[in-house]
Each structure stands twice: as C-alpha cells, then as structure tokens.
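Structural characterization, general
Given next are the chains, with one letter for each unit.
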Amino acid sequence: MNKKDNFVQDINNGYQSKGDAIILGGAILDGEPIAEAHVKIPLKTLNRHGLIAGATGTGKTKTIQVFSEQLSNAGIPVLMMDIKGDFSGIAKEGNEEGFITERHAKINIPYNTMAFPVELMSLSKQNGVRLRATVSEFGPVLFSRILDLNDTQAGVVAVIFKYCDDNQMPLLDLKDIKKVINYITEEGKQEITANYGKISTATTGTILRKIIELEQQGGDLFFGETSFEIDDLMRIDENGKGYVNIIRLTDIQDKPKLFSTFMLSLLAEIYQQMPEKGDADQPELVIFIDEAHLIFSEASKVLLEQIETIVKLIRSKGIGVYFVTQNPMDVPSGVLAQLGLKIQHALRAFTANDRQAIKKTADNYPTSAYYKTDELLTNLGIGEALVTALNEKGIPTPLVATMMRAPMSRMDVLTSEEIEEINGKSKLVKKYAEEIDRESAYEILNKKIESANQAAAEQEEQAPSKSSKSEPSTTEVVTKSVLKVVTSATFIRGVFGVLTKIFKK
C-alpha cells in the first residue's frame, strides 16, 4: 500500500466506534482533505474531558459550535460559558453558502442547516435566566477556598457556619455572613467565646476584607435566592435534542474572581447532586469553559487543587468538561493530564517564547509517522485542527490533522430582538426572575441586637438611683490619709526597727 492507503487505514482503524459517535470532520494528509477518512469521537468517551486550543481567529468558536450541535442532536445537553458573546447564533438556522458546500464535498459529509434549542443565562442582571447560589450551599470548606483563606481563617469560617446552623440562621447572601462576622466580634463575642472558643478580631477582619473583595467583583449579584437547580441544565426538548445552555459572561470578563467562584461552585454542586453513572453509553452533560485562563490565572494553589480534584472525580457522574483557551500551557499540568480529547488549532510563532511554547505543545501530542507536529501547528489553516482522543477502550487515537465540518446553525450572534424572543418563550426565565430576600442571618441578628439593646435600656431605667453623699471635708481626707500611712506594712516595719535600736542601747 502507498502512503495514502496506509494513512486511511490507520485513521479509520484508530477512530472506529462500535457505539454512537460524533463526526468532527475529515482527515488531512499533505495539506489535502481525504474524503475516505472521517474523524469520529465515540459518545461513550466524552466524559473523559478535553481541550480546545488555538490562537485568536483560528476557528475555536466554530469548533465548539459544531461540537455542541452534534451533542444536542444526540440528546446530550450542553453548558457553554460564552465570555465573548459570539456563540448565541446556535439558536438560529444557518445559511448554506458556496464555500460551505465545497468544504463538505471535500470531506464527504452531507451539509444541512438546523437550529437548536437554547437557554440564555446570566450571572448578572443581563436578560436571561439568573444563576444564583446561597452561601450555605457552598459550605465552609469551598467558601474558604474561594476566599483563599489560611487554615486558621478557614477554621473561623467553619465556626461561623456551625454557629448559624446551631441557631437556625440561614446564610443566603454576602450581607448575611458579613453581619455574622460583625456580631461575633462585637455584641456576640462573649456568647461565641463561651460556646465555640475565642476568635481573634484580626482573623475576622481579614475574612471580612476578602468577602468585600469578592463583593466588589459582583459576588453580591451571584449569592442569594432563588438558587439554580442543576436538573434545569439537563433538559431535552420535544424533538429529542439536548438544550444548549449559554451563560452570557461578556460583562464579567474583568471579574475573574466571580467567574472562578461560579465555575467551582457549579462543578461542586453537579458532583454532589448527580448519581454515579459508571461507564455509560453517553454523558449526561458536557460543559465548555471558554477563556479558561481566567479561571486558572487568578486561582490560588488551594483553589487549583480543588478544581483538579473535581475534574478527576466528576467524570464518574457522566459529566464532560472541556477547557477552551488560546495556549494549552494556560491549563495547569495536573488538569491537562486528565483531558482525553485534544483539538489543537493553529498557533502563531512571533517571538522566541512563542516558539518554545509551540515545541512544548507538540510534545504533548502522540508522535506521528505522517506529520511533523511542531511545524504543522503553525501551518494549519482556519477551521483546521490537530485531533487526538481516546477510543472506546481508553486507548489514545492517532494524531490527525482535521478539516472541521461547518456549523449547521448561524455563524453569527443573535440580535437584541431575537434574544428577547428566546427569553420570552423561556420557562426558566420566569422561574428564576424573582429575587427572594427571606429572613436570614442578617435580619435575625439585627432583631437579636435590637432586643438586647431594648432590654438593657429598660433595666437601666428600673435601677434605683444612688443616694447622694456629701463631699468629705478636708479634715476627713487628711485623717484618712494619715491612718492609711500609719497602718501600712512599710510604716510598721520602720517603727519596729527604730524601737529595736533604742532598746539595744
């Protein structure tokens, strides 16, 4: 067999699947697409997580769009973190242009236009489904890690949560926990010391400052009720398509603390609530985290360890997590090692550091008899990518340059009117629109302090007034002073010393 025949055989053997699979595109050899070799990813392996990387303008967003469309068609819901706001077009049918028809003819994949069911969500006050969580739902450990607290400070947070649990005081939003911190360092200091031990005001002051920092990045919008229910991410429409849930994050690009807080809480909540799935035929949910460096660049070492742990464990719940970033080196090595699927678009080498990064990136991929990986990384065209995955047996597939198929939905954003139309039809927008501020720690402690102040005032009014005494005269003052001196131990010792000397004489 010649080189092409060997290549087709290797790719088809490497990417064959007994179960259902999605088709990303067609293989490329020596710069030419090969119609007989398709790159298929088994649904069974999609909970093994993945990476989609590449320089700006190389086609990452369209790859995510294609991926999400294929998942939705297979009845798998998607959660997409849309930082740049360019993903919403998946809700509308695309247009079949000449270049798309030509592209699909080259890779021998039929092309159809199609729209997909979409929910638009927000962490802020943008139009869409509001996503919130309570402080209590985080728990003391996760809340402490988000604030990057040391062990002593985390211990105090644990005491705060315990105190609120013992006294039936819900911690719903940030003003609740701020109020508790103020209370235990002032009015309730004796109560806390007696029941839970002494707490340093320096420690509580540090915790309070960390909470204010989170609050300034928009945490006050995220913490509160109504809490979002994870089951609402798992919906299938009447046609059997999985919902594509798009979280619009264009207004929090400069708030990495809020973004990482939300992501960690979401992954932790999904992990806690979802049952074990084992080796299922397809995932329950696939999550795409766009601009993933925003999570990792601002995260502390402890927070990174928490993310790495959750990514390791969450796949057993049938959840796939896919990180989208410009450079694979943006993702910590501990996380990168957990990723089964890698889709690498072109990288650009403008500096010596860029060239070193490309060499390191090439080293992360399997060696290939058909490509010089480091050279190919800089020569890939728009909409082309290097792909390697895991087959159904968990074995890495051959590295293959791929011409990605085109999205079936619109490759542009929705208009304001179209966004309003989607939100108007959404049941979830109505469900989560109301902000609930029920009685919680803030209100309970205010009442407690008010009652204590009122009782103290009443007690002071009822106390008998002290009888007035006349001021002592000068003679009384002098007499008392003399008696005090005469009866002092020092004076008596002095007198006895003088008497002893006299009798000796």
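Above this note sits the structure.
Nothing here was measured: the structure is a model prediction, and the numbers come from that model. (Residues numbered from 1 in each chain as written. Predicted model: local features only at pLDDT ≥ 70, side-chain atom pairs only at ≥ 80, totals over all residues. Heavy atoms only, no water.)

Time to look at the pattern of salt bridges. One pass over the structure, following the stated rule, counts 17 salt bridges. Across the salt bridge formed by K106 and E102, the nearest N and O atoms sit 3.9 Å from each other. Highlighted residues: K106 and E102, both in helix α3 (residues 98-107), separated by 4 residues, approximately one helical turn. The partly exposed category is assigned to E102, whose relative accessible area is 48%. With a closest N to O distance of 2.9 Å, D173 and K175 form a salt bridge. By relative accessible area, K175 is classed as partly exposed at 25%. (Salt bridge = Lys/Arg side-chain N within 4 Å of Asp/Glu carboxyl O. Helix = DSSP H or I, 4+ residues; strand = E, 2+ residues; numbered from the N terminus. Buried < 20%, exposed > 50% of the residue type's maximum accessible area, 1.4 Å probe, protein only.)

Read across the open sheet, the 12 strands follow the order β2-β1-β12-β11-β10-β3-β9-β8-β4-β7-β5-β6; overall the sheet is mixed. At either margin of the open sheet sits one strand with a lone partner, and together these are β2 (32-42) and β6 (129-130). Alignment of strand β3 (residues 50-53) against strand β9 (residues 319-325), held across 4 bridges, turns out to be parallel. Note on β9: the bridge partner recorded for L51 is F323. (Pairing = 2+ DSSP bridges.)

Another aspect to go through is the nonpolar core. Side chains that are nonpolar tend, in soluble globular proteins, to be buried together. One finds M81, F143, I289 and F323 to be the most contacted residues of the largest nonpolar core, which totals 81 residues. Ranked by residue count, the leading element in this core is helix α9 (residues 256-273), at 9 residues. Two domains each donate at least three residues to this core, and these are domain 1 (3-124 + 227-414) and domain 2 (135-223). When sequence neighbours within four positions are dropped, the list of residues in contact with I289 reads M81, F259, M263, I295, V321, Y322, F323 and V324. Judged by nonpolar contacts, the second largest core, of 64 residues, contains I76, I109, V387 and M408. (Core = buried A, V, L, I, M, F, W, Y, C linked by side-chain atoms within 4.5 Å. Domains from an automatic or database assignment. Contact = heavy atoms within 4.5 Å.)

Another aspect to go through is the layout of surface pockets. Looking at the largest pocket, its volume works out to about 390 Å³. P117, V118, Y243, I422 and K425 are, among the 18 residues lining the largest pocket, the residues nearest its centre. Where the lining of the largest pocket is concerned, the elements lending two or more residues are β5 (118-122) and α15 (416-425). With 3 residues, the top contributor of residues to the lining of the largest pocket is α15. Residue composition of the lining of the largest pocket, grouped by class: 7 nonpolar, 2 polar and 9 charged. (1 Å grid on protein atoms, 1.4 Å probe; cavity = no way out; pocket = protein on both sides within 12 Å on 5 of 7 lines; lining within 4 Å. Points joined across faces, edges and corners; volume = space filled by probe spheres on them. Nonpolar A, V, L, I, M, F, W, Y, C, P; charged D, E, K, R; others polar.)

To continue, consider the pairing of β5. Burial of β5 is extensive: 5 of the 5 residues sit out of reach of the surface. Neither face of β5 is exposed, since V118, L120 and S122 on one face and E119 and M121 on the opposite face are all buried. Inspection of the sheet shows β5 paired to strand β7 (residues 244-248) by 5 bridges, in the parallel sense. By the bridge assignment for β7, V118 is matched with V244. Of the pairings in the sheet, the one linking β5 to β6 comprises 2 bridges and is parallel in character. By the bridge assignment, S122 is partnered in β6 with R130.

Within the fold, E238 resides in the loop between α8 (201-222) and β7. Here the alpha-carbon distance between E238 and R130, two residues 108 residues apart in the chain, equals 24 Å.

This brings us to empty space enclosed by the protein. Under the counting rule described, the total for this entry stands at 1 cavity of 30 Å³ or more. For the largest cavity, the calculated volume is near 40 Å³. Together, M263, L267, I289, I295, I307 and F323 line the largest cavity. Class assignment for the residues of the lining of the largest cavity results in 6 nonpolar, no polar and no charged.

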